[in-house]
Amino acid sequence: MSGPAGLVAASTSPPDLTYWVLAKRGRAENLQLIDRVSGKVQAIVPESTAADAIAEVPAGPLLVGRATATAGSLEFHSSTSGALGSSVALSGPVRGIAVSANGATINALIVTAKSSSVEVISATSHSVVDTFPLPGQASRAIVMDDARDSLFVLVGDQAVDEINATSGQVESQFNVPPAARAIAMSTDGTVLYVLRAQGSVFNVSEFKVATEAQFGALPAAAHSVGLQVTSDGHYLGDFVGTSKIGNIQFFALPK
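Analysis parameters
Residues numbered from 1 in each chain as written. Predicted model: local features only at pLDDT ≥ 70, side-chain atom pairs only at ≥ 80, totals over all residues. Heavy atoms only, no water. Salt bridge = Lys/Arg side-chain N within 4 Å of Asp/Glu carboxyl O. Helix = DSSP H or I, 4+ residues; strand = E, 2+ residues; numbered from the N terminus. Buried < 20%, exposed > 50% of the residue type's maximum accessible area, 1.4 Å probe, protein only. Core = buried A, V, L, I, M, F, W, Y, C linked by side-chain atoms within 4.5 Å. Contact = heavy atoms within 4.5 Å. Pairing = 2+ DSSP bridges. Axes fitted to C-alpha atoms, helices over the stretch in contact; angles between N-to-C directions. Phe/Tyr/Trp six-rings, centres within 6.5 Å; stacked < 30°, edge-to-face > 60°. Polar contact = N/O pair within 3.5 Å; in protein donor to acceptor, adjacent residues only side chain to side chain.

1. Examining the pattern of salt bridges
Part 1: Evaluated as defined, the whole model comprises 5 salt bridges.
Part 2: With a shortest N-O distance of 3.3 Å, Arg95 and Asp52 are connected by a salt bridge. Placement of Arg95 in strand E9 (residues 94-99) and of Asp52 in strand E5 (residues 51-56) is noted, with a sequence separation of 43 residues between them.
Part 3: Accessibility expressed as a relative area gives 25% for Asp52, which makes it partly exposed.
Part 4: With its nearest N and O atoms 3.0 Å apart, the salt bridge here joins Arg148 to Glu162. One end of the pair, Arg148, is in the loop between strand E13 (139-145) and strand E14 (150-155); the other, Glu162, is in strand E15 (residues 159-164), and 14 residues separate them in sequence.
Part 5: Take Glu162: its relative accessible area is 3%, and that puts it in the buried class.

2. Section: the nonpolar core
Part 1: Core analysis: the largest hydrophobic core is formed by 16 residues, its most contacted members being Leu63, Leu74, Phe76, Leu90, Ile97, Ile106 and Ile121.
Part 2: Sorting the residues of this core by element identifies E5, strand E7 (72-77), strand E8 (84-90), E9 and strand E10 (105-111) as the ones contributing at least two each.
Part 3: With residues near it in sequence (within four places) discarded, Leu90 still touches Gly72, Ser73, Leu74, Ala108, Ile110, Glu119, Ile121 and Val128.

3. Regarding the sheet that holds E9
Part 1: The strand order E9-E10-E11-E12 describes an open sheet built from 4 strands, whose pairing is antiparallel. Across the chains shown, the open sheet's two edge strands, defined by having one partner strand only, are E9 and strand E12 (128-134). In this sheet, neighbouring strand axes are inclined to one another by 20° on average, regardless of whether the strands run parallel or antiparallel.
Part 2: Two elements, E10 and strand E11 (residues 116-122), share 7 bridges in a ladder whose sense is antiparallel. When the sheet's bridge partners are listed, Asn107 is paired in E11 with Val120.

4. Regarding the pairing of E15
Part 1: Of all 6 residues that make up E15, 6 are buried, and the element is covered over most of its length.
Part 2: Burial along E15 is two-sided: the residues Ala159, Asp161 and Ile163 and Val160, Glu162 and Asn164 are all buried.
Part 3: A loop of 3 residues connects E14 with E15, the two strands running antiparallel in sequence, and Gly156 in this loop sits at a positive phi of about 60°.
Part 4: Summarising the sheet, E15 and strand E16 (residues 170-175) pair through 5 bridges and their orientation is antiparallel. Bridge assignment links Val160 to a residue of E16, and that residue is Phe174.
Part 5: In sequence, E15 turns back onto E16 through a hairpin of 5 residues, with Gly168 there showing a positive phi of about 80°.

5. With respect to the packing of aromatic side chains
Part 1: Evaluated as defined, the whole model comprises 3 aromatic pairs.
Part 2: Ring centres of Tyr19 and Phe239 lie 6.4 Å apart, and the angle between their planes is 70°; this geometry places the pair in the edge-to-face category. Here the residue Tyr19 occupies a position in strand E2 (residues 18-25), and Phe239 occupies one in strand E22 (residues 235-241), the gap between them amounting to 220 residues.
Part 3: On the basis of relative accessibility, which here comes to 1%, the residue Tyr19 falls in the buried class.
Part 4: Taken together through their ring pairs, the aromatic side chains of Tyr19, Phe239 and Phe250 make up a single cluster.

6. What about the side chain of Ser172?
Part 1: With respect to the secondary-structure elements, Ser172 resides in strand E16.
Part 2: Judged by its relative accessible area of 17%, Ser172 falls in the buried class.
Part 3: In terms of polar contacts, Ser172 uses its side chain to reach the side chain of Glu212, at 2.5 Å.
Part 4: Setting aside residues no more than four positions away along its own chain, Ser172 makes contact with Val160, Asp161, Glu162 and Glu212.

7. A closer look at unusual backbone geometry
Part 1: In the segment running from Pro14 into Pro15, the intervening peptide bond is cis, with an omega of 5°.
Part 2: Inspection of the secondary structure assignment puts Pro15 in the loop between strand E1 (7-11) and E2.
Part 3: The backbone of Asp149 sits at a positive phi, close to 50°, despite the residue not being glycine.
Part 4: Under the relative-accessibility criterion, Asp149 is labelled partly exposed at 28%.

Below, the structure written as structure tokens:
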């Protein structure tokens, strides 16, 4: 599926018929809505150069996380037109977003030069309802497993913390292969996918959540920047972007 050059992030919600893509080229940045079947661009919306992460609330708005050197916010956009509806200021730069399956809770990963934390935002009131600190200073990505009421956070480039989404307590930590840059969760919460980029080698390590052990590996495209499992659980969407290219590739997941 083709996309814009400079693709840095993408997201979809059930039934995965369209993808919102965040693209950066020089000082220009925009959101693009792409039809998965036809490949046609349905909407283009200018965005601030501070936009750094996107996600979609199921049957709800498109979320854009903004990050400057010291500040951040969460924007709520129309999922059909991309029009900005509202924005809530957060305590620091937003580097990742994880949404609960029912769409009620939004978890924003806040990363500053000195610390990392999660701010919990209500999808209805658009207000911060909770916050908790994370260990370490180099958190990079976040996903949610509703079945376990857990958040999984990529710390640095070779460890993952499992955090209780209610208490904010770290329940476990396990190592992943070095040079990790993104994570995704299977729809049933049993498998964590870890995107690795080591030099010119890109692949996805598969980890069983229950044992925290790697059991396999999947291919990944060169210049991959992110992952998302389709809502039917059948495919792994691999987001690819450089200053000159952008696309989304789909890899069939083992049944």
